[in-house]
Amino acid sequence: MSTHVASPNKLPSDFLWGFATASFQIEGSTDVDGRGKSIWDDFSKLPGKTLDGRDGDVATDSYQRWKEDLDLLVEYGVNSYRFSIAWSRIIPLGGRNDPINEAGIQFYSNLIDALLERGIVPFVTLYHWDLPQALYERYGGWLSKEIVEDYVHYARVCFERFGDRVKYWLTMNEPWCISILGHGRGVFAPGRSSDRMRSPEGDSSTEPWIAGHNVILSHAYASKLYREEFKATQGGTIGITLNGDWALPYDDSPENVAAAQHALDVAIGWFADPIYLGHYPAYMKEMLGDRLPTFTPEELVVVKGSSEFYGMNTYTTNLCKAGGDDEFQGKVEYTFTRPDGSQLGTQAHCAWLQDYPEGFRQLLNYLWKRYKHPIYVTENGFAVKDENSMAIEQAIADHDRVQYFKGNTDALLAARNEDGVDLRAYFAWSLLDNFEWADGYVTRFGLTYVDYDTQKRYPKESGKFVAQWFKEHVPKETLAQKEPKRLEL
Ligand code: PNW
């Protein structure tokens, strides 16, 4: 039972809530104002890489329509907005000796100012997958340790230019996806894989683990920089956001109980254990042997404790069966079908997602107990089946998505107020339908519908539901909310 809550049915007035987006998924205008290419520019144009063969050149046109997007945020009444900065708009060629692009800085600077003017707290991701293409060409991007210094330099520029106004920093979005989907399965940029039908180069047995290792180091050194040189004067907080879904044993056999833990070790522990506990999970060392890179003692000092909070992206729950040889999920098979043949929850448009709010609550408890850091839920969302083939009026009546958010907001409240989990933020994915990576525009995660012919935005029932729910559960602060707050940490 928690002791720090006045009303069991409310969240505190400084609880941050809103919607999340990512630069490449919404901005478009990929060759405007000096932006350099990112690895997603070319990758999304290769035949067969996206479901509908479409790319991110226009997306939701938010580089042009950002004021309209802000109107939407105001309409929903959010107190925070999570977005990401495109590295290649800030430093088009990406590297520490490459020129800085003032036009790119101006864009985000204007966005940040406009958010603050509206009383909306900017929650900023430094890296949401759009690596400058030049760095991939120079040394293989995340596969080389070279990237650590380049990333830290990029982070420094952002702290220097935006840190007077940005108090919440996320270094990386979802290292598991960067490593496994980009360098193991090859379904995301840069598309590396051992499967020669899919990729001309790559080694799925080693590269994902190397990429992940360099992501951790880059995060850790950027965090060190912030805390040593900026935090005292700017007063913000910095952390990483990890994806990870709850894992339930398929049945109560010992091997499946172990399998559920193995799934968590690889999906979450791979990153969270070194960052919060100071070592890779034993199971990963056992599974990978010397294919798992090691940290030097000096690096480990920097890695351990490098995230001031737990940034959590979560979507679903998997039933776990021991077996198979898929190292990317810890040699565990995932299913949504219970032993009795029933389904865990409502199926989303994408195969990997079913609605299961109990799992959300259990995962929150697991992360809080294991890592003992305040949790910011930085993504949570649902893609309605076949939404893309519906008429707009039908799509905006998104019943399954409303159900999903009903379940998960109740779970959030229970986890905080009944279980005592230190929860401080919740962002629904996503403000808008947008470029859903390998799914192109086929899969829609928006709480606002986007008509891609006109770029007109239509709030969905789910968007209205989430707005109403938080309005009822987060008491409005009056004056303080308008000022970017100095954090007591
Ligand atoms: C996250 N999976 O990606 C990303 O942070 C978002 O950019 C994305 O749009 C959103 O979730 C919805 O997909 C994921 O295969 C991509 O388990 C794939 C998986 C999970 C998360």
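Residues numbered from 1 in each chain as written. Predicted model: local features only at pLDDT ≥ 70, side-chain atom pairs only at ≥ 80, totals over all residues. Heavy atoms only, no water.

A. Main features of empty space enclosed by the protein. Going through the model one piece at a time under the given rule, you end up with four cavities of 30 Å³ or more. In this structure, the largest cavity encloses a volume near 110 Å³. For the largest cavity, the lining is made up of 15 residues, of which Ile26, Ser62, Tyr81, Phe107 and Leu111 are closest to its centre. Only α1 (23–26), α3 (62–76), β2 (80–84) and α5 (102–117) provide two or more residues apiece to the lining of the largest cavity. If you tally residues by element for the lining of the largest cavity, the top one is α3, at four residues. Put simply, the second largest cavity is a space of about 70 Å³. Every residue lining the second largest cavity is counted, 15 residues in all, and those nearest its centre are Tyr315, Thr316, Tyr356, Phe360 and Asn408. (1 Å grid on protein atoms, 1.4 Å probe; cavity = no way out; pocket = protein on both sides within 12 Å on 5 of 7 lines; lining within 4 Å. Points joined across faces, edges and corners; volume = space filled by probe spheres on them. Helix = DSSP H or I, 4+ residues; strand = E, 2+ residues; numbered from the N terminus.)

B. Representation of the UniProt feature "active site" (unreviewed entry) in the protein chain within the structure. Sites flagged by UniProt as "active site" (unreviewed entry) map to Glu379. Mapped onto the elements, glutamate 379 comes out in strand β10 (residues 375–379). Judged by relative accessible area, which is 4%, glutamate 379 ranks as buried. Not counting residues within four places of it along the chain, the set of residues in contact with glutamate 379 comprises Ala20, Arg82, His128, Asn173, Glu174, Met312, Asn313, Thr314, Tyr315, Phe427 and Trp429. Polar contacts involving the side chain of glutamate 379 include one to the side chain of arginine 82, which spans 3.0 Å. (UniProt positions renumbered as here; feature names shortened; annotations may be inferred. Buried < 20%, exposed > 50% of the residue type's maximum accessible area, 1.4 Å probe, protein only. Contact = heavy atoms within 4.5 Å. Polar contact = N/O pair within 3.5 Å; in protein donor to acceptor, adjacent residues only side chain to side chain.)

C. Structural detail: the environment of tryptophan 87. Examined against the element boundaries, tryptophan 87 turns out to sit in helix α4 (residues 87–90). Sequence separation of tryptophan 87 and leucine 126 is 39 residues, and the distance between their C-alpha atoms is 7.4 Å. Residues contacting tryptophan 87, with those up to four places away along its chain left out, are Gly94, Tyr127, Asp130, Leu131, Pro132, Leu135, Trp142, Ile147, Asp150, Tyr151 and Tyr154.

D. Geometry of the packing of aromatic side chains. Under the criterion given, the structure shown has 54 aromatic pairs. Summarising the aromatic geometry, the rings of tyrosine 441 and tyrosine 452 are spaced 4.9 Å apart at their centres and angled 65° between planes, so their arrangement reads as edge-to-face. With tyrosine 441 in the loop between β11 (423–429) and β12 (448–451) and tyrosine 452 in the loop between β12 and β13 (456–459), this residue pair connects regions lying eleven residues apart in the sequence. Comparing tyrosine 441 with tyrosine 452 shows no difference in burial state: the two are buried. An aromatic cluster is defined as three or more aromatic residues linked by ring pairs; in this entry it consists of Phe24, Trp40, Phe43, Trp129, Phe188, Phe435, Trp437, Tyr441 and Tyr452. Residue placement shows arginine 54 over the ring face of tyrosine 452; its charged tip is 5.7 Å from the ring centre. (Phe/Tyr/Trp six-rings, centres within 6.5 Å; stacked < 30°, edge-to-face > 60°. Lys NZ or Arg CZ within 6 Å of the ring centre and 35° of its normal.)

E. Local environment of the confidence of the model for the protein chain. Here the protein chain averages 96 in pLDDT, and 96% of its residues register 70 or above. Interface scoring of the predicted complex returns ipTM 0.94; its pTM is 0.96. (pLDDT = per-residue confidence, 0-100.)

F. Inspection of the site of the ligand at higher detail. With respect to spatial proximity, 14 residues lie near the ligand, and among them Gln25, His128, Glu379, Glu436 and Trp437 are the closest. Glutamate 379 places a side-chain nitrogen or oxygen 2.8 Å from an oxygen atom of the ligand. With respect to the ligand, the side chain of tryptophan 429 contributes an N or O atom lying 3.1 Å from an oxygen atom. When atoms are counted within 2 Å of each cavity's grid points, the one that captures over half of the ligand is the largest pocket. When grouped by side-chain class, the residues that make up the shell around the ligand number seven nonpolar, four polar and three charged. (Near = heavy atom within 4 Å. Sits in = over half its atoms within 2 Å of the grid points. Nonpolar A, V, L, I, M, F, W, Y, C, P; charged D, E, K, R; others polar.)

G. Region of the structure containing the sheet that holds β11. The eight strands lie next to each other as β1-β2-β3-β4-β5-β7-β10-β11, forming a closed barrel whose pairing is parallel. Averaged over all pairs of adjacent strands, the angle between their axes in this sheet comes to 25°, without regard to strand direction. Alignment of strand β7 (residues 310–313) against β10, held across four bridges, turns out to be parallel. Within β10, the residue paired with methionine 312 across the bridge is valine 377. Relative to β2, α5 is tilted by about 170°, and along the sheet it contacts β2 and β3 (121–125). (Pairing = 2+ DSSP bridges. Axes fitted to C-alpha atoms, helices over the stretch in contact; angles between N-to-C directions.)

H. Region of interest: the packing of helix α8 (residues 175–183) against helix α9 (residues 207–234). Interhelical geometry of α8 versus α9 gives an angle of 150° and a closest axis separation of 8 Å. Considered as vectors, α8 and α9 are oriented roughly antiparallel to each other. Viewed along their axes, α8 and α9 form a crossing whose handedness is right-handed. Facing α8, whose interface residues are Pro175, Ile178, Ser179, Ile180 and His183, α9 presents Glu207, Pro208, Trp209, Ala211, Gly212 and Val215. Partitioned by chemical class, the residues of the contact of α8 with α9 number seven nonpolar, three polar and one charged. (Parallel < 35°, antiparallel > 145°, perpendicular 65-115°, else oblique. Left-handed = near helix turned anticlockwise from the far one by under 90°.)

I. Expanded view of the side chain of glutamate 174. Looking at the element boundaries, glutamate 174 is found in the loop between β4 (168–173) and α8. One buried charged side chain, glutamate 174, makes no salt bridge at all; its nearest oppositely charged neighbour is arginine 82, positioned 6.6 Å away. A distance of 2.9 Å separates polar atoms of two side chains, one belonging to glutamate 174 and the other to asparagine 313. With residues up to four places along the chain from it excluded, the contact list for glutamate 174 reads Trp129, Thr241, Asn243, Asn313, Tyr315 and Glu379. (Lys, Arg positive; Asp, Glu negative; His and termini not counted. Salt bridge = Lys/Arg side-chain N within 4 Å of Asp/Glu carboxyl O.)

J. Representation of the pairing of β13 within the structure. Judged by which residues are buried, β13 turns out to be one-sided: Arg457 and Pro459 face inward and are buried, whereas Lys456 and Tyr458, on the alternate face, are not. As judged from the four bridges shared by β12 and β13, these two strands associate in the antiparallel manner. Bridging from a neighbouring strand, tyrosine 449 pairs with tyrosine 458 of β13.

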